[in-house]
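Architecture and fold: a report
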Amino acid sequence: RCVQETAIRVEDPSENINPGEIAVPSTYTGPKLELDQEVTREWVENLLEYMKDQKLLHKKYVLVLLQRIKNILQELHTLVDIQVPEGQEITVCGDIHGQYYDLLNICLLYTSPSPRDS
């Protein structure tokens with residue numbers, strides 16, 4: 001098994017990239033996310049609004065997000081049991097095949113995560 005894992009292991013190129021070294025043009029008007037900045041509900045709502053017009057988050061901030069997400073996911077279990085309190089509900093969304101606007105529509109239909117779950 002170890003031989004197979006070694007054979008298919010791919011170096012993570014993001015480990016060699018420092019987002020702080022990526023220049024953002026002065027013409028960029030979208031949301032910014034610095035290395036030490038917290039991702040707040042307001043920041044996410046601003047990002048969603050910005051992207052509704054098919055504008056893109058600058059690659060520097062995409063990389064910051066991806067590195068944070070990777071760190072979070074590495075700490076989580078792949079399968080968890082959850083309890084949904086009586087009177088509350090949960091929406092489970094399957095694979096949307098990368099369709100961002102489908103995800104936005106699902107969020108609009110079934111509401112965004114509550115502030116407690118954000």
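That block above? That's the structure.
So, how was this worked out
- Residues numbered from 1 in each chain as written.
- Predicted model: local features only at pLDDT ≥ 70, side-chain atom pairs only at ≥ 80, totals over all residues.
- Heavy atoms only, no water.
- Salt bridge = Lys/Arg side-chain N within 4 Å of Asp/Glu carboxyl O.
- Helix = DSSP H or I, 4+ residues; strand = E, 2+ residues; numbered from the N terminus.
- Buried < 20%, exposed > 50% of the residue type's maximum accessible area, 1.4 Å probe, protein only.
- Phe/Tyr/Trp six-rings, centres within 6.5 Å; stacked < 30°, edge-to-face > 60°.

Our focus in this paragraph is the pattern of salt bridges. One pass over the full model with this rule turns up 3 salt bridges. Put simply, R41 and E45 hold a salt bridge, and the shortest N to O gap is 3.4 Å. With R41 and E45 both in helix α2 (residues 41–51) and 4 residues apart, the pair spans about one turn of that helix. Residue classification places R41 among the partly exposed positions, given a relative accessible area of 32%. Note that K52 and E49 form a salt bridge whose closest N and O atoms lie 3.5 Å from each other. Taking relative accessible area as the criterion, K52 reaches 41% and is therefore assigned partly exposed.

For the structure shown, the criterion picks out 3 aromatic pairs. Ring geometry for Y28 and Y50: centres 6.2 Å apart, planes at 70°, overall edge-to-face. Of this pair, Y28 sits in the loop between α1 (2–8) and α2 while Y50 sits in helix α2; the two residues are 22 residues apart in sequence, bridging distant segments of the chain. Measuring from ring centre to ring centre gives 5.2 Å for Y100 and Y101, while their planes differ by 80°; the resulting arrangement is edge-to-face. Each residue in the set Y28, Y50 and Y61 is aromatic and connected to the rest through ring pairs, giving one cluster.

Function cannot be inferred from these measures alone, as they are strictly geometric.
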